[in-house]
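Given next are the chains, with one letter for each unit.
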Amino acid sequence: MKGTEAFQELLPLINDEPVVHANGFICRESFALKDREANFYMIGSMGLASSIGLGVAMCKPDKKVIIIDGDGNVLMALGTLAMIAAEAPANLLHIVIDNEVYESTGSQRSLSSKVHLEEVAKSSGYKNALRVEKKEDIKAAYMKLKELPGPNFLLIKVEPCFDPSTGRVTHTPEEITERFMLAIR
Ligand SMILES: Cc1ncc(C[n+]2csc(CCOP(=O)(O)OP(=O)(O)O)c2C)c(N)n1
Ligand SMILES: [Mg+2]
C-alpha cells in the first residue's frame, strides 16, 4: 500500500483523540487530508513525537492518545520505546508508518527493513504490538489496539511514495500548541 492510502484508511477511524504527529511527510499528509485542532504537528524536531505523545498520555489518562510516527523517527529515538514501556500509559497507541526510508529528506534507506520495530516495541514492554501490510487490515488492527489497555504499537508497512507536492503545515508552532492545548483541555 502507498503511504497516502494508509492515511486514508487510518484518519477516518480517529474521533476526538489527541494525535501527535512526527515531522516530515507524516505531518504533511495528515494535515493535507484532515487538519484538526486536536492534531499536534511536530514540525521540526525529528524523533520527538513519541516523547510528546507520552507526556500527553500521562497528563490526560482519561483520553486515548495517538502518536503517528515514522520509522526514521522511531529509530532516532529508540530509547523512547523503553521509556513508554516503563511508564506504561494504558491510554497510548503508538502508530508507525514504516516505509523503510527517510522519505522526507530524499528516501535514504533506514534500518527498519532489518530491524522489526514492532518486535522492539514488544520486547521493550509495550502490551500489544501488531504489524499490518495490507490496507484492508488497518481498521481491525487499529480498533483492537485502541480498545486493549496499552501502551500499544501498530506498525503499518507502506511503499515509499508520498507525493512531494503535498503542502506543508501552514500553522505556526505557537498556533499548533495553543489550539492543541485548548482542544485537549
Ligand atoms: C534532528 C533532525 N535530524 C534530521 C532532520 C531532517 N529530517 C526531517 S524528516 C526526516 C526523515 C524522517 O523519516 P521517517 O520518520 O521515516 O519519516 P518519512 O519521511 O519516511 O515519512 C529527516 C531526516 C530533522 N528534522 N531533525
Ligand atoms: Mg520513513
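The rules behind each value
- Residue numbering note: each chain is counted from 1, following its sequence as written.
- The lettering of chains begins at A and the numbering of ligands begins at 1, in the order of writing.
- Whole-chain, interface and lining totals are the exception, using all residues; otherwise, since this is a predicted model, local features are given only for residues with pLDDT of at least 70 and side-chain atom pairs are given and counted only at 80 or more.
- Excluded from the side-chain calculations are hydrogens and water; all other atoms, namely the structure's heavy atoms, are used.
- Each helix corresponds to a stretch of at least 4 residues labelled H or I by DSSP, and each strand to a stretch of at least 2 residues labelled E; elements are numbered beginning at the N terminus.
- Throughout, radius of gyration means the C-alpha value; the globule benchmark is 2.2 Å times the number of residues raised to the power 0.38.
- Note on classification: 1.4 Å probe, protein chains only; a residue is buried when its accessible area is under 20% of the maximum for its type, exposed when over 50%, partly exposed between these limits.
- Pairs of residues are marked as contacts when any of their non-hydrogen atoms sit within 4.5 Å.
- Each accessible area is a Shrake-Rupley estimate made with a 1.4 Å probe; only the visible protein chains count as cover when residues are assessed.
- Taken from the helix axis, the directions to the C-beta atoms give the arc we talk about.
- The rule for a residue being near a molecule or strand is that one of its heavy atoms must lie within 4 Å of it.
- Pairs of N or O atoms within 3.5 Å make up the polar contacts considered here, provided that, within protein, one atom can donate a hydrogen while the other can accept it, and that residues adjacent in sequence are counted only when both atoms are side-chain atoms.

## Some words on the overall build of the protein
Along the protein, the regular secondary structure elements total eight helices and eight strands. By the compact-globule yardstick of 16 Å for 185 residues, the protein fits well, its C-alpha radius of gyration being 15 Å. In terms of overall dimensions, the protein has a C-alpha envelope of 35 × 35 × 30 Å along the principal axes. Counting over 185 residues, the protein shows a buried share of 50%. A fraction of 73% describes how many contacts in the protein between residues 6 or more apart in sequence connect residues 24 or more apart. Within the structure as shown, the protein displays about 8,500 Å² of accessible surface, and the carbon and sulfur contribution to it stands at 55%.

## Focus on unusual backbone geometry
In this model, G150 is joined to P151 through a cis peptide bond whose omega is 10 degrees. Along the chain, P151 turns up in the loop between α7 (138–147) and β8 (152–157). Its identity is not glycine, yet E100 carries a phi of approximately 65 degrees, on the positive side. Mapped onto the elements, E100 comes out in the loop between β4 (92–98) and β5 (101–102).

## Some remarks on helix α5 (residues 78–87)
Those residues of α5 that sit buried are T80, L81, I84 and A85. Buried positions in α5, seen along its axis, are confined to an arc of 140 degrees and lie on one side of it. Facing away from the buried side of α5 by over 90 degrees, the exposed positions are G79 and A86. Each element contacted by the buried residues of α5 is listed here: α3 (49–59), β3 (65–70), α4 (71–76), β4, α6 (117–124) and β8. Phi for A88, located one or two positions after α5, is positive at around 55 degrees.

## What to know about the site of ligand 1
Close contacts around ligand 1 come from 16 residues, with G44, G72, N73, V101 and S104 the closest. Taking V101, its main chain carries an N or O atom lying 2.8 Å from an oxygen atom of ligand 1. Calculation on ligand 1 without its partners gives an accessible area of 580 Å², and the protein chains cover 75% of this total. Counting residues per element, the ones that place at least two in the shell around ligand 1 are α4 and β5.

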